[in-house]
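Analysis of the macromolecular model
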Amino acid sequence: MASDNGKRRGFSRRRFIQGAAAAAAASSSMLSSAREEKQEEKHGDRPRPPSDDAPDIVFVNGKIHTMDDDNTVASAVSIRDGRFVEIGHVSRGRHGADTKVIDLRGRTVVPGIIDNHNHFVLMGNRPGFHTPLENALSIQNVQQIYAARAAGLPSRDAWITTIGGFHFNHLYANPNDKTSGRFPTLAELDAAVPNNPAFMMISFTGPGQANSAGASILRANGVNVGADGSVAGGFPISECSKALLFLRQTLLNPESRRRAVIDAMNYAVTVGVTTHLDQGAFQATNTAADGAAHEDNFTMHIPFLEVYGQDKAIVRLRINFLHMETDQATPELAQRLKNAFQFLGNDMVRTGSIGEFIASGTNAASPFVAAAKRVAAAGWRAEVHSLGRRNTPTSNPADFELEIMGFEAANADFPGVVRERRWVIAHVPGITQEWIDRLQAIGGNLSLTGWQYLAGNPTASTVAPYAGPPFRMIVDSSKRPDGIHAGMSSDGMQIAPMNPWIHMYYATTGINARGVTINPNQQITRQEVLSLYTRQNGWFLREEDQLGTIESGKLADLVVLNSDYFAVPDEDLKKIRSVLTVVGGNVVYDGGVLDLRG
Ligand SMILES: [Zn+2]
């Protein structure tokens, strides 16, 4: 599938081969340090390598954080046939006539970000022209983002939608007052989008806000919209979920879903997320009981697979299968394990395993333990999530305790399965050292998430003693001999943003969207959280030999940043974006900052 990708951006291998005769003559150097110059002089008389060795692209003069074993920072890297070739020291005289030499002009480069737990497939199935608002920091930003979106729409009938992934907690009316977060008003939305209908909602079931054009269409279709454009949230059925049902039933079709998939991918590369492990959806009922996280788990991958089949995909996708049965016999899970294959596909799109649910619930009445044993018997990976905590020693066990006990039961019947298959518990805001140790003993692993950034607040129930997850405790545990593996994820696109830099802000500061420290004493370093999001997540995908670091032989995914991640003030972490994203050696996003004519 990827063999011809290079042609799209002009870094074609075939073109290079045609130009190979000229390669020997070309000798522009990508050496970037005196030490390298000396080494090169010493070996300067060795035979020229075969011309076939010429790189397709070389990046020079950068601060390239390879995230390798030694945290090497290199100034240059070369790429050939979609993989990294030489890092730091790149041999003189290997350039072909078609080799692109791109001067990074001192910019910071990191490996392509891997999100080991998100809901990217839901994002690619949104009705309307879904427009992420996770990077808006003010009402004015929302207006700018929506106005720009409206300008690019095909018609005045086209809907601008934002279904989850943001919160009014970060939309300030007054940038100096972080308690002023709110939705834009009807008038503010109308000013930005006067013609097209627009609707935004937070979380799974709202609340939300429409502009005038959107409000009138929704009202005409049975949705109760306030005179001020407000659309009520609630559970299980809200005015927002009624609006969502209407939008899905009228706007979604195979073509619009494929367009939404490409939109989602185009967004992902602007924030540097090049690989997504999707964790499924709540099974849709096609009623107003469905929220933003509902989709049909059996058909929602089709538009993605079509886009991959058409060779139009620009990010990597790994697909977990979510199962939430209440029946102890878990008949659907049993069929999945019989009829599907894990880790089947190619470098761009591949199946994962079972997650983020293996059954509905975790208590004794649920089929959790039976499901864990079925997944173990099949030799599959299990991934589950935990949102709970135990508030007192005598209160009921938290979900993570029941999950770890379930993992232990499966591991007892199928010794070694948790370690060998790399079973995972995600989010874990309330996990304790005692239970980390128990999970470590059977080889289990933890995926950490910064979603509390959006909705977290300084009330006793979410903060005592911290909102979580306990990043510091978990990362310290991962550094022990035979420690657990820890990775990082967004859990976007409903209750959290995809943007990894916001999650890195939260992990390193413990501060939420309203500027309140809600995760005290659990901060980790920038190097640590970037490692979780790159090299550690390569391990979570079982692709540590292919992804997660900038090392020779690995798939050439990298992100050139708009500022120095390691040097910017904390608040500016939220503003980090890609200026150039490369996946498999192809430029998949060009912010227009670097000269690519090389
Ligand atoms: Zn999730």
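What you see is a predicted model, and the numbers here were worked out from it, not measured in a lab. (Residues numbered from 1 in each chain as written. Predicted model: local features only at pLDDT ≥ 70, side-chain atom pairs only at ≥ 80, totals over all residues. Heavy atoms only, no water.)

Some words on the overall build of the protein chain
Assigned secondary structure in the protein chain consists of 20 helices and 25 strands. Out of the 598 residues belonging to the protein chain, those deemed buried represent 58%. Restricting to contacts in the protein chain with at least 6 residues of sequence separation, those with at least 24 account for 74%. When the accessible surface of the protein chain is split by element, carbon and sulfur atoms take 52% of a total near 22100 Å². (Helix = DSSP H or I, 4+ residues; strand = E, 2+ residues; numbered from the N terminus. Buried < 20%, exposed > 50% of the residue type's maximum accessible area, 1.4 Å probe, protein only. Contact = heavy atoms within 4.5 Å. Areas by Shrake-Rupley, 256 points an atom, 1.4 Å probe, with all protein chains shown as cover.)

Considerations on the nonpolar core
Counting 95 residues, the largest nonpolar core has Phe120, Met265, Ile358, Trp423 and Leu446 as the members making the most contacts within it. Ignoring any residue separated from it by four or fewer positions in sequence, one finds Leu446 in contact with Ile425, Val428, Ile431, Ile436, Leu439, Ile474, Ile484, His485, Ala486, Gly487 and Phe540. Listed in part, the 20 residues of the second largest apolar core include Ile64, Val560, Leu594 and Leu596. (Core = buried A, V, L, I, M, F, W, Y, C linked by side-chain atoms within 4.5 Å.)

Re the coordination of the zinc ion
Metal coordination angles in their ideal form are 109.5 degrees for the four-donor tetrahedron and 90 or 180 degrees for the six-donor octahedron. Coordination of the zinc ion by the protein comes from His117 (NE2), His119 (NE2), Glu356 (OE) and Asp491 (OD), over a distance range of 2.0 to 2.2 Å. When the donor residues of the zinc ion are listed from N- to C-terminus, their spacing reads H-x1-H-x236-E-x134-D. A residue pair is termed long-range when its members are at least 10 positions apart, and Glu356 in the loop between strand S18 (349–354) and helix H12 (368–377) and Asp491 in the loop between strand S22 (486–489) and helix H19 (500–509) qualify at 135 residues. Asp491 shares its class with Glu356; the two are buried. (Donors = N, O, S within 2.8 Å, 3.2 Å for Na, K, Ca; no water.)

A closer look at the environment of Ala284
Relative to the assigned elements, Ala284 resides in the loop between strand S15 (282–283) and strand S16 (294–295). In the structure, Ala284 is positioned 10 residues away from His294 in sequence and 4.9 Å away in space, judged by C-alpha atoms. When neighbours within four sequence positions are excluded, Ala284 is seen to be in contact with Asp290, His294, Glu295 and Asp296.

With respect to unusual backbone geometry
Gly355 connects to Glu356 through a cis peptide bond whose omega is 0°. Residue Pro469 follows Gly468 across a cis peptide bond; omega there is -5°. Among the secondary structure elements, Pro469 is positioned in the loop between helix H17 (460–463) and helix H18 (471–478). The backbone of Asn61 sits at a positive phi, close to 60°, despite the residue not being glycine. Secondary-structure assignment places Asn61 in the loop between strand S1 (57–60) and strand S2 (63–65).

Quick look at the pairing of strand S19 (residues 383–386)
Burial of the side chains of S19 extends over both faces: Glu383 and His385 are buried on one face and Val384 and Ser386 on the other. Across 4 bridges, the pairing between S19 and strand S20 (residues 424–427) is parallel. The residue of S20 that forms the bridge with Val384 is Ile425. (Pairing = 2+ DSSP bridges.)

A short note on the environment of Gly416
Among the structural elements, Gly416 can be located in the loop between helix H13 (399–413) and helix H14 (417–421). Judged by relative accessible area, which is 24%, Gly416 ranks as partly exposed. Note: C-alpha distance between Gly416 and Ile442 (26 residues apart in sequence) is 7.3 Å.

Quick word on the sheet that holds S19
Pairing within the open sheet is parallel, and its 4 strands lie in the order S19-S20-S21-S22. At either end of the open sheet lies a strand with only one pairing partner, and these are S19 and S22. Shown here is a sheet whose adjacent strand axes are inclined to one another by a mean of 25°, direction ignored. Relative to strand S21 (residues 445–449), S20 runs parallel, the two sharing 4 bridges. Bridged to Val424 within S21 is Asn445. Contacts from H18 reach S21 and S22, with the element oriented near 145° to S21. (Axes fitted to C-alpha atoms, helices over the stretch in contact; angles between N-to-C directions.)

Quick look at helix H5 (residues 139–151)
What sets the pattern is the α-helix's 3.6 residues per turn: residues three or four places apart point alike. Between its first and last C-alpha, H5 extends 18 Å over 13 residues, near the 18 Å set by a 1.5 Å rise per residue. Every buried residue belonging to H5 is among Ile139, Val142, Tyr146, Arg149 and Ala150, and all of these are buried. Summarising the axial view, the buried residues of H5 lie within an arc of 100°, below the 170-degree limit, and thus occupy one face. Seen from the open side of H5, the exposed residues pointing more than 90 degrees away from its buried face are Gln140, Ala148 and Ala151. The elements touched by buried residues of H5 are strand S9 (129–130), strand S10 (160–163), helix H6 (186–192), strand S11 (198–201) and helix H9 (254–270). (Expected span 1.5 Å × (residues − 1). Arc of directions from axis to C-beta.)

Remarks on the packing of H12 against H13
At their nearest, the axes of H12 and H13 sit 9 Å apart, and the two run at 40° to each other. On the basis of the axis angle, H12 is oblique to H13. Of the two possible hands of crossing, H12 and H13 adopt the one that is right-handed. Taking contact as the criterion, the partners of Phe368, Val369, Ala372, Lys373 and Ala376 in H12 are, on H13, Leu402, Glu403, Gly406, Phe407, Ala409, Ala410 and Asp413. Looking at the contact of H12 with H13, its residues break down into 8 nonpolar, 1 polar and 3 charged. (Parallel < 35°, antiparallel > 145°, perpendicular 65-115°, else oblique. Left-handed = near helix turned anticlockwise from the far one by under 90°. Nonpolar A, V, L, I, M, F, W, Y, C, P; charged D, E, K, R; others polar.)

What about the pattern of salt bridges?
Note that side chains of opposite charge can pair when their charged atoms are close. Summed over the entire model, instances satisfying the criterion amount to 28 salt bridges. A salt bridge links Arg83 to Asp347, with the shortest nitrogen-to-oxygen separation between them at 3.8 Å. In this pair, Arg83 is assigned in strand S5 (residues 83–87) and Asp347 in the loop between helix H11 (331–339) and S18, connecting sequence segments 264 residues apart. (Salt bridge = Lys/Arg side-chain N within 4 Å of Asp/Glu carboxyl O.)

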